[in-house]
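Residue strings, one per chain:
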Amino acid sequence: MIRYILFFVLLVSVKLNAQYSDFTNSFQPTPGKYVVSGWIKEIHPTQQLTYTGSIKISLTNTSAPLMATLHPVGEIIDGWQLITGDVDIIFEPATVPKLEIELVCSNTATECYFDDIRFHPYNGSMKSFVYDEQTQRLMAELDENNYATFYEYDLEGGLIRVKKETEKGVFTIQETRSNSIKQN
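Small disclaimer: the values here were computed from a predicted structure and weren't measured. (Residues numbered from 1 in each chain as written. Predicted model: local features only at pLDDT ≥ 70, side-chain atom pairs only at ≥ 80, totals over all residues. Heavy atoms only, no water.)

Moving on, we get to the nonpolar core. If you look at the biggest cluster of nonpolar residues, it comprises 22 residues, and the most contacted ones within it are Ile55, Ile57, Val87, Phe114 and Phe119. Those elements giving two or more residues to this core turn out to be β3 (32-43), β4 (54-60), β5 (66-70), β7 (80-89), β8 (98-104) and β9 (111-121). Residue contributions to this core peak at 4 residues, all from β9. (Core = buried A, V, L, I, M, F, W, Y, C linked by side-chain atoms within 4.5 Å. Buried < 20%, exposed > 50% of the residue type's maximum accessible area, 1.4 Å probe, protein only. Helix = DSSP H or I, 4+ residues; strand = E, 2+ residues; numbered from the N terminus.)

Shown next, in the form of structure tokens:
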């Protein structure tokens, strides 16, 4: 699924503030630069040009504690806005750092959702895949920049449409239609 050594993916949708803490050391980053990204969707009574929720990263139990807050960037695409940024993790190899990721909702949002939270090495590349639970068909592929390519199928299981998410919105990049002549 992923083509690099160290990774962390949190695929979650939440309605309120949430926090992920790794006390079991199942995810243990090595010192270095990392890319953190994810998508946020806020429900407001009025239309917004940008969202104000954030992803907070903290690393404690080290001599150089880290606290980073990442905010949404770019356009809102189909109700979602990308949060992305780089963090530098510094600690002595003998220590066991405590990593916390906090998903913070805007005070003005009535509901808030986060999805596709990713944490991977800066020099690495990451792709994620989403499959339909019932049919096991590929439904979406998230590229190294956390933008999706969506796949749509007809009732017979044939691929009929491919859409690509970009900074400017979602565009259809391929569409196929076929039919057969009805025999009497």
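Next comes the rest of the account.
Another aspect to go through is the pairing of β5. Here β5 shows a buried face lined by Leu66, Ala68 and Leu70 and an unburied face lined by Met67 and Thr69. In this structure, β4 lies alongside β5, joined through 5 bridges in antiparallel fashion. Among the inter-strand pairings, Ile55 is bridged to a residue of β5, identified as Leu70. (Pairing = 2+ DSSP bridges.)

Strand order in the open sheet made by the 5 strands is β10-β11-β12-β13-β14, with antiparallel pairing throughout. Two strands close off the open sheet at either side, each with one partner strand: β10 (128-131) and β14 (169-175). For this sheet, the mean inter-axis angle between neighbouring strands, taken without regard to orientation, is 20°. Of the strand pairs in this sheet, strand β12 (residues 148-153) and strand β13 (residues 159-166) are connected by 5 bridges, and their pairing is antiparallel. (Axes fitted to C-alpha atoms, helices over the stretch in contact; angles between N-to-C directions.)

In this structure, Ala140 sits in strand β11 (residues 138-142). A residue is classified by how much of its surface remains accessible, and Ala140, at 9% relative accessible area, is buried. Ignoring sequence-local partners within four residues, the contact set of Ala140 consists of Ser128, Phe129, Val130, Thr149, Phe150 and Tyr151. (Contact = heavy atoms within 4.5 Å.)

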